Amino acid sequence: MDVRKAEPKDIKNAVELVEQSRRQFQKFQPTFWRKAAKSGAITETFFVKLVAEPDTLFLVAVEGSQHQGFLIARKFPNPPVYDPGGDTWLIDDFCVAEPHLWRSVGEALLSHASTLIHEHGGVQIVVVSADRDLAKTEMLRRSDLTIASNWWTKPLR
């Protein structure tokens, strides 16, 4: 498996993976994670921009010709009332092709990103994960991440 910086040719596959993830998240929380009708097209435009941003790490994991996963990390401003001692990087879009790949592909992407973020002066990462994404949660725990915050939601209809 090759973990490398994403190129424009990788965007279509990353969009397919994130759309697959969104369909699953929508089952977890139908209101909070409701997928927008044009989410794929919107994401493609956004990912094209991110590939070119200097303060964004957009990594892909490829096995042969198959895209197994991707991770996007962006510098995230620290709230003015907290001082973690340096830059925080947010990892929001982070997907693998199949849940069992979190143990290999997910860990490889996270490890590679953590090294690069540290080399860029980052002192912490914050990873977004759906509450019921159990395979990803287990990988994050095994990678020594801890829960810092939870978001609770209730549909008001």
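Check the entry above for the structure.
Residues numbered from 1 in each chain as written. Predicted model: local features only at pLDDT ≥ 70, side-chain atom pairs only at ≥ 80, totals over all residues. Heavy atoms only, no water.

### With respect to the overall build of the protein chain
Counting secondary structure elements, the protein chain contains 4 helices and 5 strands. The linear arrangement of helices and strands in the protein chain, starting from the amino end, is β-α-α-β-β-β-α-β-α. For 157 residues, the compact-globule estimate of 2.2 N^0.38 gives 15 Å, and the C-alpha radius of gyration of the protein chain, at 16 Å, lies within 12% of that figure. Over its C-alpha atoms, taken along the principal directions, the protein chain stretches across nearly 40 × 40 × 30 Å. Within the protein chain, the fraction of its 157 residues that count as buried is 36%. (Helix = DSSP H or I, 4+ residues; strand = E, 2+ residues; numbered from the N terminus. Rg over C-alpha atoms; globule rule 2.2 N^0.38 Å. Buried < 20%, exposed > 50% of the residue type's maximum accessible area, 1.4 Å probe, protein only.)

### Concerning the sheet that holds strand S2 (residues 56-63)
Overall, mixed pairing links the 5 strands, which are arranged S1-S2-S3-S4-S5 in an open sheet. Because the sheet does not close on itself, it has two edges, and the strands there are strand S1 (2-5) and strand S5 (122-127). Across this sheet, the average inter-strand angle for adjacent strands is 25°, counted without regard to direction. Pairing analysis gives 5 bridges linking strand S4 (residues 87-96) to S5, with the strands arranged parallel. Among the inter-strand pairings, Trp-89 is bridged to a residue of S5, identified as Ile-125. The strands touched by helix H2 (residues 39-52) within the sheet are S1, S2, strand S3 (66-76) and S4, with S3 carrying the most contacts at an inclination of about 70°. (Pairing = 2+ DSSP bridges. Axes fitted to C-alpha atoms, helices over the stretch in contact; angles between N-to-C directions. Contact = heavy atoms within 4.5 Å.)

### Comments concerning the environment of Thr-88
Counting through the fold element by element, Thr-88 comes out in strand S4. Using a relative accessible area of 3% as the deciding quantity, one classes Thr-88 as buried. With sequence-adjacent residues up to four places away left out, Thr-88 is seen in contact with Arg-74, Lys-75, Phe-76, Asn-78, Gln-124 and Val-126. In this structure the side chain of Thr-88 is engaged in a polar contact, spanning 2.8 Å, whose partner is the side chain of Gln-124. (Polar contact = N/O pair within 3.5 Å; in protein donor to acceptor, adjacent residues only side chain to side chain.)

### Looking at the nonpolar core
Counting residues in each nonpolar core, the largest one holds 36 residues, and the members touching the most others are Phe-47, Phe-58, Phe-70, Phe-94 and Leu-109. Those elements that place two or more of their residues in this core are helix H1 (11-28), H2, S2, S3, S4, helix H3 (105-119) and helix H4 (134-142). No other element matches the 6 residues that S2 contributes to this core. Ignoring any residue separated from it by four or fewer positions in sequence, one finds Phe-47 in contact with Ile-11, Ala-14, Val-15, Val-18, Phe-58, Phe-70, Ile-72 and Asp-93. (Core = buried A, V, L, I, M, F, W, Y, C linked by side-chain atoms within 4.5 Å.)

### As for the packing of aromatic side chains
Within the structure shown, the criterion is met by 9 aromatic pairs. Judged by centre distance (5.0 Å) and plane angle (85°), the ring pair of Phe-32 and Trp-33 falls under edge-to-face. Among the residues examined, Phe-32 registers a relative accessible area of 41% and is labelled partly exposed. What makes Trp-33 partly exposed here is its relative accessible area of 25%. Here Phe-47 and Phe-58 contribute two aromatic rings whose centre-to-centre distance is 5.3 Å and whose plane-to-plane angle is 85°, an arrangement assigned as edge-to-face. With Phe-47 in helix H2 and Phe-58 in strand S2, this residue pair connects regions lying 11 residues apart in the sequence. Looking at Phe-47, the relative accessible area reads 0%, which means it is buried. Within the aromatic cluster, the residues linked to one another by ring pairs are Phe-25, Phe-28, Phe-32, Trp-33 and Trp-151. (Phe/Tyr/Trp six-rings, centres within 6.5 Å; stacked < 30°, edge-to-face > 60°.)

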